[in-house]
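Take a look at the letters that make up each chain.
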Amino acid sequence: MFIPLSFTITDNLPEQARQLADEAGFYRFALPQQYGGREHPDTNLWMSAIRYHFASHPVYGGGLGLANDLQNEHSIIGNFPDVLMIHHFGTEEQRQTLIPARLRGEFRITFGLTEPDHGSDATFMSSLAQEVRGGFEITGAKKWQTGSHHCTHFLIFARTSGSAGSSKGITAFLVPRETPGVRITSYEWTLNMPTDHATVKFDRAWVPRSAVLGIVDQGLALAQTFVHENRIRQAASSCGAAQYCLDRSIERARSRRIWGEGKSLADNQAIQFPVVELMTQVEMLRLLILKTSWQMDRIVTECRSTGQRPWIEIERQLSDRVAMCNFWANRLCCQAADRAIQIHGGDGYSRHYPFEHIYRHFRRYRITEGAEEIQMRKIAAYIFGFVGPKKKALEAKI
């Protein structure tokens, strides 16, 4: 089993940063108060603003840095989709034991939805779980299990009933890493090496019924709990990283003297115009991200007063806006990093500057936070009225 040596070096720094952030009162900001969080009424707005700032500001590493290094799923302001899934769907025992252990760094999970032959088509997954001996036997495989090198558990989705293509009949399991029948078969080499994205196989791996997270046959609901918060916050980071690349490109273009004429690179419209276009998109996108985050917070506040589940209402009312923010921010970041490489010339192509790393890292989010084609399809469904609020209005006209 191959584990890059750099894991043992780089993982220690984010862990130290998390401990310091927790001691300072920053780390748990987005969590409910019972877990030490602020439970601010504008949590999504704050989180988007914070992540944009971390990714755009050179003091924090710009794009990638210890304050907010998404390559290691790390931030001094924690994101915690796993905590909220357990909070909303876990048993009382799971909440009382696993969440404190997670915040101490003693419980760490991967997210096991994608398979070697199934990505966006999650309802067609091949992994099966059969109920036996007071528990379940899981057989199948999962791919791109981020954090497998140091996880304690795998959160695995497997079909327990129903037919392929049905959203019902899928169950979520918390599978301890050392469970017999569980084997990490490889760590995938990627554009953004080093990698902690593993392929994991399950050969009749038995877990007790207490390993079920949520309700049997209704596990896909867990995957939807936090998807919009994840996507809007990722969009904020990508937009911030794009801003960072463009700011550094402007500095370079102004300082770089060319042709022995005392002119700067910035004097050329061939340099100015591409930056103008990208900077305009960054500014418009930043405002859309903040507006959408604010709207999400309004829905959360309303749902708390009515007892509704906020992620369902966010899906119904704002899913298209979140998708707009996410797919365009991830693409825009890649475009800005590419432009920064071009303006910096050979230096930009080298590893003396961070732009090639930013490109390699943020390129993954055009796939992993929901492929941009899937998100564009969702936006189209909303704006053409096939689903969402517009559908009801169009049907009323008919």
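Residues numbered from 1 in each chain as written. Predicted model: local features only at pLDDT ≥ 70, side-chain atom pairs only at ≥ 80, totals over all residues. Heavy atoms only, no water.

Comments concerning unusual backbone geometry
Applicable threshold: By definition, any uninterrupted DSSP run of H or I lasting at least four residues is a helix, any uninterrupted run of E lasting at least two residues is a strand, and each is numbered from the N terminus.
A positive phi is found at Arg204, a non-glycine position, where the angle reads about 55 degrees. Mapped onto the fold, Arg204 is located in strand 9 (residues 197–208). Phi is positive for Asp217, which is not a glycine, with a value near 75 degrees. By secondary structure assignment, the location of Asp217 is in the loop between strand 10 (212–213) and helix 6 (220–225).

Details of the pairing of strand 9
This is how the line gets drawn: Each pair of strands is called paired provided DSSP finds at least two bridges between the two strands.
In this structure, strand 5 (residues 135–146) lies alongside strand 9, joined through nine bridges in antiparallel fashion. Residue pairing in the sheet places Thr146 in a bridge with His197 of strand 9. Note that strand 8 (residues 182–187) and strand 9 share five bridges and pair antiparallel. In the sheet register, Ser186 faces strand 9, and the bridge partner there is Thr199.

So, a nonpolar patch on the surface
The following threshold applies: Within this analysis, patches are made of residues with over 30% relative accessible area and no salt bridge. Like charges are joined at 9 Å or less; nonpolar side chains (Val, Leu, Ile, Met, Phe, Trp, Tyr) at 5 Å or less. Here the Shrake-Rupley method, with its probe set to 1.4 Å, supplies the accessible areas, and only the displayed protein chains count as covering residues. What counts as a salt bridge is simple: a side-chain nitrogen of Lys or Arg found within 4 Å of a carboxyl oxygen of Asp or Glu. Between buried and exposed lies partly exposed: a residue is buried under 20% and exposed over 50% of the maximum accessible area for its type, with that area taken using a 1.4 Å probe on protein chains only.
A cluster of nonpolar side chains, Ile383, Phe384, Phe386 and Val387, forms an exposed patch at the surface whose accessible area comes to about 410 Å². Mapped onto the elements of the fold, Phe386 is located in the loop between helix 12 (372–383) and helix 13 (389–397). Classification of Phe386 by relative accessible area gives exposed; the value is 58%.

Here's the deal with the pattern of salt bridges
Enumeration according to the criterion identifies 22 salt bridges in this entry. One network of salt bridges, in which partners are shared, links Arg133, Glu137 and Arg204.

Section: the environment of Val207
The criterion, for reference: Contacts are assigned to residue pairs that have any heavy atoms within 4.5 Å of one another.
Looking at the secondary structure, you find Val207 in strand 9. Sequence-distant contacts of Val207, that is, excluding residues within four places in its chain, are made with Gly135, Phe136, Ile138, Phe173, Val175 and Pro176.

Section: the state of the cysteines
What counts here: Put simply, a disulfide is two cysteine sulfurs that come within 2.5 Å.
One pass over the full model with this rule turns up zero disulfides. Lacking any disulfide linkage, Cys333 is separated from the closest cysteine sulfur, that of Cys245, by 5.6 Å.

What to know about the environment of Thr146
Structurally, Thr146 can be placed in strand 5. Given a relative accessible area of 21%, Thr146 falls into the partly exposed group. In this structure the C-alpha to C-alpha distance between Thr146 and His197, which are 51 residues apart in sequence, comes to 4.4 Å. The residues touching Thr146, leaving out its near neighbours within four places in the chain, are Glu73, Thr110, Asp196, His197 and Arg364.

What about the packing of helix 7 (residues 227–255) against helix 8 (residues 269–306)?
The line we're drawing: A fitted line through C-alpha atoms serves as each axis, taken over the contacting stretch for helices, and the angle formed by two N-to-C directions is quoted from 0 to 180°. Every angle not falling under 35 degrees, over 145, or within 65 to 115 is termed oblique; those three ranges are roughly parallel, roughly antiparallel and roughly perpendicular. Left-handed describes a crossing whose near helix is turned anticlockwise from the far helix through less than a right angle; right-handed describes the clockwise counterpart. Residues were grouped as follows: Ala, Val, Leu, Ile, Met, Phe, Trp, Tyr, Cys and Pro as nonpolar; Asp, Glu, Lys and Arg as charged; and all remaining residues, including Gly, as polar.
Contact pair helix 7 / helix 8: the axes reach a minimum separation of 9 Å and the direction vectors enclose 155 degrees. Taken together, the axes of helix 7 and helix 8 are roughly antiparallel relative to one another. The chirality of how helix 7 crosses helix 8 is left-handed. Residues His228, Glu229, Ile232, Ala235, Ala236, Cys239, Ala242, Gln243, Leu246, Asp247, Ile250 and Ala253 of helix 7 touch helix 8, and the partners they reach there are Ile271, Val275, Leu278, Met279, Val282, Leu285, Arg286, Ile289, Thr292, Ser293 and Met296. Partitioned by chemical class, the residues of the contact of helix 7 with helix 8 number 16 nonpolar, four polar and three charged.

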